[in-house]
Each structure stands twice: as C-alpha cells, then as structure tokens.
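Close look at the chain arrangement
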Amino acid sequence: RSGEMALSAGSVTNVSLTLPGLRPGWHSAEFTIQPKDGFSADDARYATIFIPEPIHALVVEPRKVEKSFRAESFFVTSALAPAAGTTNRSASHFALEKTGVEQLASRLSAGTVKADFVVVPGVREISSPAIQALKNYLQDGGGLLLFLGENVSANYYNTALRELLPAELGQREANRDEDSPWRIAEFNKASPPFAPFRDPASGNLTLAEFTRRFALQSLPGSAVLASFDDDVPFVVERKIGNGHIVLVNSSADTGWTDWPKHKTFVPWLHAVGYFLSGRNAAREIVAPPSLASGSEMDVELGLKKEQVTVERQGGSTFNLTTDGEGSLREVPFAQPGSYSIKDGKGQELRRLAVNLQPSESDLALLAPSEVEQQLVRSSEPATQPLLAGLFGDPARGKELWRILLVGALAFLIFEPMLANKTVA
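These notes cover the structure that comes with them. Model, not experiment: these values are computed from the prediction.

The terminal C-alpha atoms of helix 3 (residues 128–139) lie 17 Å apart, and with twelve residues this matches the ideal 16 Å at 1.5 Å per residue to within 8%. Among the residues of helix 3, those classed as buried are Ala 130, Ile 131, Ala 133, Leu 134, Lys 135, Tyr 137 and Leu 138.

Shown next as structure tokens:
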C-alpha cells in the first residue's frame, strides 16, 4: 500500500493500516518512506508479527434448526468465533466445526477432525460408541466442556457417563422466586478457567442470573471451581487420563440463565477453551521488541545446548549455540532488518525486528557541555619521559624555545673551557 502525506520536520502523526488475513506463523513487515533528503538509512522501519495456530473446537448441536440463532450452541459458537460460517475475516483464536449428536462418534474415531476440545450442550442421549470415543479422546489429552439442560436425565447421565462425570447429578431444581435468582458467589481465581477475573474490576460474575439447575455432588478426584450463593456446585472439573472435563451446571443457551448475554461469558469461555486444549494464552501474545542495530542482545529460546541459525532476510547467515539456560548470548545485530532464528530442522523459532537507533536520525547539534560529557578522560596521570619534558610532546608540535634554551646552556658550559685553552 502506498500514499502521499505532508509531514513537516520534527512533527509526529499516525497512519492507519489494514492488514490482510495472515496464516499462522511468523510474518515480517517493512515500512518505508520516500522523502526528498539524503538520509536513506532511516527511511525504513521493520516489524514482526506472530499469528498463533487457532484452537480447534468441535461443537455438538443437538437441534435441527434452519436459523442459527435458534441453535442450542448459538451463544457458544458466537463467543468462540463470531465470524464462523460467514465470508468475513475473523481475528478469533478459535476455529469451529459443528456436528450432530449422531455423528459425534464417527467424527472423533475417524481421526479426520483436528479437535483441541469438544463442546457438548445438554443432550438427551449419547450413544455408547460416542461415549467410548470421548473416553479415548480424553485419555489422549483432549478436553470436554459439558453443559446441562432441560433434556438431560440425571439417571441416564449418572449411569451412561459415570466414568466421565466429575459430579453426580441429583434432582432438577427450579427457582420460582423471580426477585431472588441464584447467582455465582464463589469461584477459584487460581484456576485457569477463571483466570480472566483475578484482577479487580475485571468482570462481575455475580450479575448473571440462574433460574434452573441440578443438585450436584462432586465426586472424589474432582475440583469445584465455582459455586452458587447457596454452595451448590456450578462448575466442576476432573482430570481423565491426559485430558480434562469441565461440567457446567447450567444450559449452554439462555433457557436456564442469562449469563451468555453478559460480558463475562466470552472471556470465561475463551479461558476454558485454552485450558481444555492445553494452551497458554499469555505465551501466545508475542510482541517482539524492536532491537537497535549495531548492538548485541540476549535472546531467550528455551532450547538448551542447541545449534541454531540466525538469518537476516536478504543478508548474511551465521550459526550460534544456546547456553545451558536455553538462551543466545550477545547476538550481533549489525544491520537493520528482519532476523529469523531457526533450529536444526529449519523450524522458525523467533523473528526479530532490528531498526536503526533513533539517535542516528537526530540532526540537532550537540551543546558544548554535552560534547564534553561524552569525551572519555583518563583518571591516571600520564608518565612523561625526560626528553619529552625538555623538548615537549611531539604530538603537540615542536616548541623551539626549549631547543634554544638547551643550546644556550650548552654554550655557557663549554665557553669557559674553550677560553682557557685559547689563553694557554
């Protein structure tokens, strides 16, 4: 993209740019200007962008409806990927695929679906092959988010899903008091699903209202992550094999609660998705610093005693070895540009932007006092040989008066001796 704009010397402005849809991985960006001056070195700036691989969610939809907003999973899919099923480009960290209850077993068993976690609303029944597929999926490290709802039978779930459920379902309950609905009162801030609400003023979970639920009794090996105001469990988690299951004592739609309409629902669901997929949201927010050219920097890679290749795009390539802490020490970034760091298999680990130091573009003259401060002075007095004391420092030029003085002294010494010899 190119364009023209007027910018006077010393002024600052903002330029809005629209990035195209980028595939997951590292990308480089170069911004150049074409001013009418003779300083081309600072006419380009470099930046790097990292797009993480999206988290793939397989969402079960028990209803057969034509309108998407009537689906039981509507709020879940809208929160994870708002642009799913449209032609609009989505900036979501999640990729969705929907399936029916009847196809769940085949979708998980076929191995054709790349699902980091599965979302199952309150379905009436899950087939035995699907239950076995879910068991195998969890054992292999998958994640399952299970909601309850009006179609759920406590007896059926406790029997058919007894090896999966983190809590035993009791009687279905309804709150008839419209002025006093159930609310979320306690939640474990240390747990990943509720990490977005650790800081003050990060979201008020107590605003959501719940009118129906099940009486729950958590089972051994499970953890209650959140409870209602009367201590009935709301969110219960259990580790199964290498995976996790999270049970929510409410519906996925607005049949039992208005929570999906509150602002806290989206960050909570995203946090659950990261937790069930084994991903860390904080580590995927990569904002590489802009390094200064002509400097040596330490780069942390997490690979101990491994040889890596550092390549400047369109320039030189050199090999380095990480230390015992998994870092590269004093990497020389001599010239501006984008530097790519790859492992022995050619996989890109990091990409760094190196730019000209801002001081190189400063045309302002230094004050005499600032020049003196930048001069390096030796604190030790320099030793001066005898001849230098007599004849002066050659670096400072010749001082003739010293030579004349020495000549006069020599004449005064030898003149009497010469006179005595002449008289004799």
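Membership of the largest hydrophobic core comes to 70 residues, with the highest contact counts inside it found for Phe 117, Val 118, Leu 145, Tyr 157, Leu 169, Phe 234 and Trp 268. With seven residues, the top contributor of residues to this core is helix 5 (residues 265–277). Apart from residues lying up to four places away in sequence, Phe 117 is in contact with Ile 55, His 56, Ala 57, Leu 58, Leu 80, Phe 94, Tyr 137, Gly 143, Gly 273 and Leu 276. If you look at the next biggest cluster of nonpolar residues, it comprises twelve residues, including Val 299, Leu 328, Ile 341 and Leu 352.

The next thing to look at is the sheet that holds strand 15 (residues 307–312). Spatial ordering of the open sheet is given by 13-19-18-15-16, a layout of five strands whose pairing is mixed. Two strands lie at the open edges of the sheet, namely strand 13 (290–292) and strand 16 (317–321), each paired on one side alone. The average undirected angle you get between the axes of adjacent strands in this sheet is 30°. As paired strands, strand 13 and strand 19 (residues 348–355) are joined by three bridges and run parallel to one another.

Helix length check: helix 5, at 13 residues, gives a terminal C-alpha distance of 18 Å against a target of 18 Å (1.5 Å per residue), a fit within 8%. Of all 13 residues in helix 5, ten are buried, a share of seventy percent or more. Of all the positions in helix 5, only Phe 265, Trp 268, Leu 269, Ala 271, Val 272, Gly 273, Tyr 274, Phe 275, Leu 276 and Ser 277 are classed as buried.

Take the pattern of salt bridges next. As enumerated under the stated definition, the model contains twelve salt bridges in all. A salt bridge links Glu 325 to Arg 329, with the shortest nitrogen-to-oxygen separation between them at 2.8 Å. The exposed category is assigned to Glu 325, whose relative accessible area is 58%. According to the relative accessible area criterion, Arg 329 is partly exposed, its value standing at 41%. Across the salt bridge formed by Arg 351 and Glu 348, the nearest N and O atoms sit 2.7 Å from each other. Owing to a relative accessible area of 11%, Arg 351 belongs among the buried residues under this scheme. Look at the salt bridges and you will find they share partners, linking Asp 298, Asp 323, Glu 325 and Arg 329 into a network.

So, on to unusual backbone geometry. With a phi close to 60°, Ala 201 is a non-glycine residue in the positive phi region. One non-glycine residue, Lys 305, lies in the positive phi region at around 55°. Within the element layout of this structure, Lys 305 appears in the loop between strand 14 (295–300) and strand 15. With relative accessibility at 62%, the residue Lys 305 sits in the exposed group.

Evaluation of the coordinates by the stated rule reveals 17 aromatic pairs. Ring geometry for Phe 214 versus Trp 256: centroids 5.8 Å apart, planes at 45°, classification tilted. Here the residue Phe 214 occupies a position in strand 9 (residues 212–218), and Trp 256 occupies one in the loop between strand 12 (243–248) and helix 5, the gap between them amounting to 42 residues. Of the two residues, Phe 214 and Trp 256, both sit in the buried class. In this structure, Arg 213 is placed above the aromatic ring of Trp 182, and the distance from its NZ or CZ to the ring centre is 3.7 Å.

Pairing in this open sheet of eight strands is mixed, and the strands run 4-3-5-6-12-11-10-8 from one edge to the other. Of all the strands in the sheet, the pair left with one neighbour each is strand 4 (94–99) and strand 8 (184–187). Taken over all neighbouring pairs, the strand axes of this sheet differ in orientation by 20° on average, direction set aside. Across six bridges, strand 3 (residues 55–60) lies against strand 4 in parallel orientation. Paired with Val 60 across the two strands is Thr 99, which belongs to strand 4. Contacting strand 5 (117–120), strand 6 (143–147), strand 11 (233–240) and strand 12, helix 3 crosses the sheet at an angle of about 130° to strand 6. The strands touched by helix 5 are strand 3, strand 4, strand 5, strand 6, strand 11 and strand 12; relative to strand 6, the strand with the most contacts, the crossing angle is about 140°.

Scoring rules and cut-offs
Position numbers for residues start from 1 in each chain and track the written sequence from start to end. It should be noted that, the model being predicted, local features are given only for residues of pLDDT at least 70 and side-chain atom pairs only at 80 or more, the latter also being counted only at that level, while totals for whole chains, interfaces and linings use all residues. The basis for every side-chain value is the complete set of heavy atoms in the structure, and neither hydrogens nor water enter the calculation. The helix count covers DSSP runs of H or I at least four residues long, the strand count covers runs of E at least two residues long, and both are numbered beginning at the N terminus. What a helix is expected to span follows from its residue count: subtract one and scale by 1.5 Å. The rule is simple: take the accessible area with a 1.4 Å probe, protein chains only, and divide by the maximum for that residue type; under 20% is buried, over 50% is exposed, in between is partly exposed. Joining through side-chain atoms within 4.5 Å is the link that ties buried Ala, Val, Leu, Ile, Met, Phe, Trp, Tyr and Cys residues into a set, and such a set is a nonpolar core. Here, residues are in contact when the closest pair of their heavy atoms is within 4.5 Å. Any two strands with at least two DSSP-identified bridges between them are counted as paired. Only C-alpha atoms enter the line fits that serve as axes; for helices the fit covers just the stretch in contact. Angles between N-to-C directions range over 0 to 180 degrees. Whenever a carboxyl oxygen of Asp or Glu lies within 4 Å of a side-chain nitrogen of Lys or Arg, that contact is scored as a salt bridge. For Phe, Tyr and Trp, rings pair up if their centres lie within 6.5 Å, where Trp contributes its six-membered ring, and each pair is then called stacked (planes under 30 degrees apart), edge-to-face (over 60) or tilted (otherwise). Ring-over charges, as used throughout, are those where CZ of Arg or NZ of Lys falls within 6 Å of the ring centre and within 35 degrees of the ring normal.

Note that every value here comes from positions in space, so none of it alone points to a role or purpose.
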